[in-house]
Amino acid sequence: MKTGEHEPMKPSKNVPNKLQRKKDECLWFDTLSMKEAEEAAKRGKVVILPVGSVEEHGEHLPLCTDSIQPEYVAVEVAEKTGCLIAPPLRYGVCNSTRNFPGTISIGFDALHRITKDVLEEFIRNGFRRILVVSGHAGQSHMAALRLAAQEVIWNHEKEGPENRPRIMVCSDYDFAYELKGKYFSEKDGHAGTIETSRVMAIRPDLVKMKGKSSFPEPPRFEILAHPEDSFPSGVIGDPMVASREKGQLINDYVIENVAKLVKDLML
Ligand SMILES: [Zn+2]
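The structure displayed is predicted, hence computed values, not measured ones. (Residues numbered from 1 in each chain as written. Predicted model: local features only at pLDDT ≥ 70, side-chain atom pairs only at ≥ 80, totals over all residues.)

1. Some details on the overall build of the protein chain
Counting its secondary structure elements, the protein chain contains 7 helices and 4 strands. Secondary structure elements in the protein chain, listed N-terminal to C-terminal, are α-β-α-β-α-β-α-β-α-α-α. Judged by the C-alpha coordinates and their principal axes, the protein chain covers about 70 × 50 × 35 Å. The proportion of buried residues among the 267 residues of the protein chain is 42%. A separation threshold of at least 6 residues defines the contact pool for the protein chain, and within that pool the share at least 24 residues apart is 76%. (Helix = DSSP H or I, 4+ residues; strand = E, 2+ residues; numbered from the N terminus. Buried ≥ 20, exposed ≤ 12 C-beta atoms within 10 Å, placed from the backbone. Contact = placed C-beta atoms within 7 Å.)

Shown next as structure tokens:
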């Protein structure tokens, strides 16, 4: 090697293995180099944008519950389909839980704006197939994501069929809750059996305790200043019957369905 030439960088021994990228494993968009990103866009790679929240999930689950679920699904789907994962958005609109300790809620306009900007930027970079998967499924939160995607689609509607983007917006709970009635109580909800089981399967180290069962019935239509008063434990459902095995079953079902959406976008 001549003087002045750079030696290729070797991974530092101090970097934990999990943070190192294996050969051919380019799942996370922002681990690509400039050239690799350009190449991935040319190859028409689908991009998943995981969206989460910082939100109370009872005394037994972590505040990142809604973030780690879609991120786990995205990694599994990317391994199956070869799609890319955008850096996640980990803040959401949490109207019904915002007065509980730990919930850090952003407004509708903020989520709408950042989602729209991120989608437009991926499109400007040549990525025209994007799937937004949100672990938080609140109505205003999902409406902000859908409106952002809708406006982006309208912005590009006059482009030729080759350049016109396709965007899908879903929550992994669109699929997880399909299992209610069959395997789980119809009344299961926030931080209940399904959600607790999923986190037990993804990050058991973050599950703090068994959790207590609670089946409150918050008013369906009335808009309240303190919705938390109608479910003071922050839980709707029965985390006591949650298990890792149930969580894996639900996660596999969600992964299968999200992978189908990615394959549809690859057509
Ligand atoms: Zn949740």
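That was the structure; now back to the text.
2. Points about the nonpolar core
Among the nonpolar cores identified, the biggest contains 63 residues, and Val47, Ile48, Val77, Leu119, Ile130 and Val132 are the most heavily contacted of them. Residue contacts for Ile130: discarding those within four places in its chain leaves Val47, Leu49, Leu119, Phe122, Pro165 and Ile167. (Core = buried A, V, L, I, M, F, W, Y, C linked by C-beta atoms within 7 Å.)

3. Quick notes on the pairing of strand β4 (residues 166–171)
One ladder, built from 6 bridges, connects strand β3 (residues 129–134) with β4; its direction is parallel. Within β4, the residue paired with Arg129 across the bridge is Arg166. As for the winding sense of the linkage, the β-α-β connection from β3 through helix α4 (residues 139–155) to β4 is right-handed. (Pairing = 2+ DSSP bridges. Right-handed = clockwise from strand over helix to strand, strands pointing away.)

4. Description of the environment of Ala144
Secondary-structure assignment places Ala144 in helix α4. On a C-alpha basis, the gap between Ala144 and Val46 in space is 22 Å, while along the polypeptide they are 98 residues apart. Every residue in contact with Ala144, bar those within four places of it in the chain, is listed here: Val93, Phe108, Leu111, His112 and Thr115.

5. Considering the confidence of the model for the protein chain
Taken residue by residue, the protein chain gives an average pLDDT of 92. The fraction at 70 or more is 91%. Across residues 1–5, where pLDDT falls below 50, the model places 1 contact with residues more than four positions away in sequence or in other chains. (pLDDT = per-residue confidence, 0-100.)

6. Thoughts on helix α2 (residues 65–81)
Taking 1.5 Å per residue, 17 residues should reach 24 Å; α2 reaches 25 Å between its end C-alpha atoms and fits that length. Within α2, the full set of buried residues consists of Thr65, Asp66, Ser67, Ile68, Gln69, Pro70, Glu71, Tyr72, Val73, Ala74, Val77 and Ala78. Looking one or two places after α2, you find Gly82, whose phi comes out positive at around 80°. (Expected span 1.5 Å × (residues − 1).)

7. Here's the deal with the packing of helix α3 (residues 108–124) against α4
Across the interface, α3 lies against α4 with an axial gap of 8 Å and an inter-helix angle of 35°. As α3 packs across α4, the resulting crossing turns out to be right-handed. Facing Phe108, Leu111, His112, Thr115, Lys116, Leu119 and Glu120 of α3, the residues of α4 in contact are Ser140, His141, Ala144, Leu145, Leu147, Ala148, Ala149, Glu151 and Val152. When the residues that make up the contact of α3 with α4 are grouped by side-chain class, the tally is 9 nonpolar, 4 polar and 3 charged. (Axes fitted to C-alpha atoms, helices over the stretch in contact; angles between N-to-C directions. Left-handed = near helix turned anticlockwise from the far one by under 90°. Nonpolar A, V, L, I, M, F, W, Y, C, P; charged D, E, K, R; others polar.)

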